[in-house]
Amino acid sequence: MTLTSRRAARDPRRLARGFARLATDRATVAVFAVLAAAWAVGFFGVLPKEIWVVDFPALVAAFFFDTLAANEFGVRETATFYPALAVFGYLQAMLVVAVVRVLRTRLAGVGE
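Residues numbered from 1 in each chain as written. Predicted model: local features only at pLDDT ≥ 70, side-chain atom pairs only at ≥ 80, totals over all residues. Heavy atoms only, no water.

**Student:** Account for the side chain of D66, naming residues and giving values.
**Tutor:** Within the fold, D66 resides in helix α4 (residues 56-73). One buried charge, D66, has no salt-bridge partner; the nearest side chain with opposite charge is R76, at 8.9 Å. A polar contact is formed between the side chain of D66 and the side chain of T80, at a distance of 2.9 Å. Residues contacting D66, with those up to four places away along its chain left out, are T78, A79, T80 and F81. (Helix = DSSP H or I, 4+ residues; strand = E, 2+ residues; numbered from the N terminus. Buried < 20%, exposed > 50% of the residue type's maximum accessible area, 1.4 Å probe, protein only. Lys, Arg positive; Asp, Glu negative; His and termini not counted. Salt bridge = Lys/Arg side-chain N within 4 Å of Asp/Glu carboxyl O. Polar contact = N/O pair within 3.5 Å; in protein donor to acceptor, adjacent residues only side chain to side chain. Contact = heavy atoms within 4.5 Å.)

Below is the structure:
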């Protein structure tokens, strides 16, 4: 390992650049659009609400955050739910894209 590669491995901005790159990636936006569409079709009754199973992590986090805001800080009901759902849904989309990329790189040589 050269001095330059060791310095790059210790660079604290490396994680921030990777996070920003993942957050602005087309795949992340596409997965978020699919998650938002799944929530919307369940909300408006186009499909049964069981479709929300794909949004489950974001819904749980948003419900928790909304309950915390209402109980501890006196924020009115559902004032924070929908913004929190959007934020946690986007974080879920980022996580899905990151996991798929890691699995694709790890399993690329398997079975050949």
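**Student:** I'd love a proper account of the UniProt feature "transmembrane region" (unreviewed entry) in the protein, names of residues and values included.
**Tutor:** Taken from the UniProt record, the annotation "transmembrane region" (unreviewed entry) applies to residues 27-45 and 81-103. Each end of residues 81-103 is marked by a C-alpha atom, and these two atoms are 32 Å apart; helix forms 100% of the span and strand 0%. (UniProt positions renumbered as here; feature names shortened; annotations may be inferred.)

**Student:** Give me the packing of aromatic side chains: which residues, what numbers.
**Tutor:** For the structure shown, the criterion picks out eight aromatic pairs. Here F32 and Y90 contribute two aromatic rings whose centre-to-centre distance is 5.2 Å and whose plane-to-plane angle is 65°, an arrangement assigned as edge-to-face. You can see F32 sitting in helix α3 (residues 26-43) and its partner Y90 sitting in helix α5 (residues 81-106), a full 58 residues away along the chain. Judged by relative accessible area, which is 25%, F32 ranks as partly exposed. Taking 5.2 Å as the distance between ring centres and 85° as the angle between the ring planes, the aromatic pair formed by F43 and F44 counts as edge-to-face. Among the aromatic residues, those joined into a cluster by ring pairs are W39, F43, F44, W52, F63, F81 and Y82. (Phe/Tyr/Trp six-rings, centres within 6.5 Å; stacked < 30°, edge-to-face > 60°.)

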